[in-house]
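Residues per chain are reported as follows:
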Amino acid sequence: MRTALWTLGITCVALSVIFLASFLVYAHHIANITPSPDVTADGIVVLTGGRARVTGALELLEQKRARRLLISGVHPATTARQIVRRTASRQTLFACCVDLDRRAQDTIGNAAESAKWAKSHGFTSLIIVTSAYHMPRSILELRAEMPEMTFLPYPVIGADLHLRHWYANLGTTRLLLREYVKYIVAWLRLAMQPAAASSSAVASGVR
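Here the structure is a predicted model, which means the values were calculated and not measured. Each chain carries its own residue numbering, running from 1 in the written order of its sequence. Thresholds applied to this predicted model are a pLDDT of at least 70 for local features of residues and 80 or more for the giving and counting of side-chain atom pairs; totals over whole chains, interfaces and linings are not thresholded and use all residues. Each side-chain value is worked out from all heavy atoms of the structure, with water and hydrogens disregarded.

1. Some remarks on the pairing of strand E4 (residues 125-131)
Short version of the rule: Only protein chains enter the accessibility calculation, which uses a 1.4 Å probe; a residue whose area is less than 20% of its type maximum is buried, one above 50% is exposed, and one in between is partly exposed. Secondary structure counts use DSSP, requiring at least four H or I residues in a row for a helix and at least two E residues in a row for a strand, with both numbered from the N terminus. Each pair of strands is called paired provided DSSP finds at least two bridges between the two strands. Note on handedness: a clockwise path from strand one over the helix to strand two, with the strands aimed away from the viewer, defines a right-handed crossover.
Counting buried residues along E4, seven of its seven residues qualify, which places the element largely inside the surrounding structure. Pairing geometry for E4 and strand E5 (residues 150-156), over seven bridges, is parallel. Residue pairing for E5: Ile128 is matched across the bridge by Pro153. Crossover connection from E4 via helix H6 (residues 135-145) to parallel E5: handedness right-handed.

2. Looking at the side chain of Thr78
Worth spelling out the cut-off: Contacts are assigned to residue pairs that have any heavy atoms within 4.5 Å of one another.
For Thr78, the position within the fold is in the loop between strand E2 (68-72) and helix H3 (80-87). When its relative accessible area of 13% is taken as the criterion, Thr78 is described as buried. Not counting chain neighbours up to four residues away, the residues in contact with Thr78 comprise Ile83, Arg86 and Arg102.

3. A word on the sheet that holds E2
Stated precisely, the cut-off is as follows: A fitted line through C-alpha atoms represents every axis, and for helices the fit uses only the stretch in contact; the resulting angles, taken between N-to-C directions, go from 0 to 180 degrees.
As summarised here, the arrangement of the five strands in space is E3-E2-E1-E4-E5, forming an open sheet in which the pairing is parallel. For this open sheet the edge positions go to strand E3 (98-101) and E5, each flanked by a neighbour on one side alone. The average undirected angle you get between the axes of adjacent strands in this sheet is 20°. Bridge count between strand E1 (residues 43-47) and E2: five bridges; the pairing is parallel. Each residue of the ladder has a partner; that of Leu47, found in E2, is Ser72.

4. Details of the confidence of the model for the protein chain
Reading predicted coordinates in detail is not appropriate for stretches of low pLDDT. Keep this limit in mind: On a range of 0 to 100, pLDDT expresses the predictor's confidence in each residue.
Per-chain confidence: the protein chain averages 87 in pLDDT, with 93% of residues scoring 70 or above. Helix H7 (residues 170-206) is the least confidently modelled element of the protein chain, averaging 74 in pLDDT, while E1 averages 97, the highest of any element. Every residue in residues 195-207 is under pLDDT 50, and counting partners more than four places away or in other chains gives zero contacts.

5. Brief notes about the packing of helix H5 (residues 107-121) against H6
The cut-off we apply is this: We call two directions roughly parallel when the angle between them is under 35 degrees, roughly antiparallel when it is over 145, roughly perpendicular when it lies between 65 and 115, and oblique otherwise. Helix crossings get a hand from a simple test, with the near helix turned counterclockwise from the far one by less than a right angle marking a left-handed crossing and a clockwise turn marking a right-handed one. In this classification, the charged set is Asp, Glu, Lys and Arg, the nonpolar set is Ala, Val, Leu, Ile, Met, Phe, Trp, Tyr, Cys and Pro, and all remaining amino acids, among them Gly, are polar.
One way to put it is that H5 packs onto H6 with a least axis distance of 9 Å and a crossing angle of 45°. With respect to H6, the element H5 is oriented oblique. In the crossing of H5 with H6, the sense of the turn from one axis to the other is right-handed. In this structure, H5 contributes Thr107, Ile108, Ala111, Ala112, Ser114 and Ala115 to the contact, and H6 contributes Arg137, Ser138, Glu141, Leu142 and Glu145. The residue inventory of the contact of H5 with H6, partitioned by class, reads five nonpolar, three polar and three charged.

6. Quick word on the nonpolar core
Quick note on the threshold: Only buried residues count toward a nonpolar core, which is a set of Ala, Val, Leu, Ile, Met, Phe, Trp, Tyr and Cys residues joined through side-chain atoms within 4.5 Å.
One finds Leu126, Ile128, Met146, Phe151 and Leu176 to be the most contacted residues of the largest nonpolar core, which totals 30 residues. Looking at this core, the elements with two or more residues in it are helix H1 (2-32), E1, H5, E4, H6 and H7. Ranked by residue count, the leading element in this core is H1, at five residues. Beyond its immediate chain neighbours, meaning those up to four positions away, Phe151 contacts Leu126, Ile128, Ile139, Leu142, Arg143 and Met146. Residues Val39, Val54, Ile83 and Phe94 belong to the second largest nonpolar core, which totals 23 residues.

7. What about the packing of aromatic side chains?
What describes a pair of aromatic rings is the distance from one ring centre to the other and the angle between the planes of the rings. For the record, the criterion: Planes of paired rings set the category: under 30 degrees apart is stacked, over 60 is edge-to-face and the rest tilted, where pairs are Phe, Tyr or Trp rings (Trp by its six-membered ring) whose centres lie within 6.5 Å.
Under the defined criterion, the tally for this structure stands at seven aromatic pairs. Residues Tyr26 and Tyr180 carry aromatic rings whose centres are separated by 5.0 Å and whose planes lie at 50° to one another, so their mutual orientation is tilted. In this pair, Tyr26 sits in helix H1 while Tyr180 sits in helix H7, placing the two residues 154 residues apart along the sequence. Judged by relative accessible area, Tyr180 falls into the buried class, the value being 5%. Feature note: the residues Phe19, Phe23, Tyr26, Trp166, Tyr167, Tyr180 and Tyr183 constitute an aromatic cluster, connected by ring pairs.

As structure tokens, then:
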């Protein structure tokens, strides 16, 4: 019994150290991520969650960094005209080159709807616009839906976030820790999917 408890204690400590070390690597990456100033692709996908994200994506479209823009996760009651007013953009830009996805309700849905949109337009490269802390999980989910797609991250850093010195701000630290846990959960879910699919196929074959 004593040996089992000792082994359990050592295992818990080791796992805690691994988790802390990997979180520090993750936080350092987020704190130093910067958008490429000359990024270009076939299309742009922005995952809604703040005005800064949509404004940044529209600016890229205005600069002709891509041919079309998908705003994914738009509230069902929000109209294109309302987005134009909130972002001080041009209505003509929306008329020609902006599509709204109102079906996605989370990052998984964003990835699924973005995949449909990209396939319908024959795109092979996408600029992904979302918050810096949300970017790793977004790319993870998007790559699961579109493994052959080239993704070009364009992170948006909110003025209220203190990413450079995240460790000195409790709110930012909590945000990064919460997002890191979501990233790990998403990674584990996606890692287990092939195994689950394989098991189902074997079971079907047995029947």
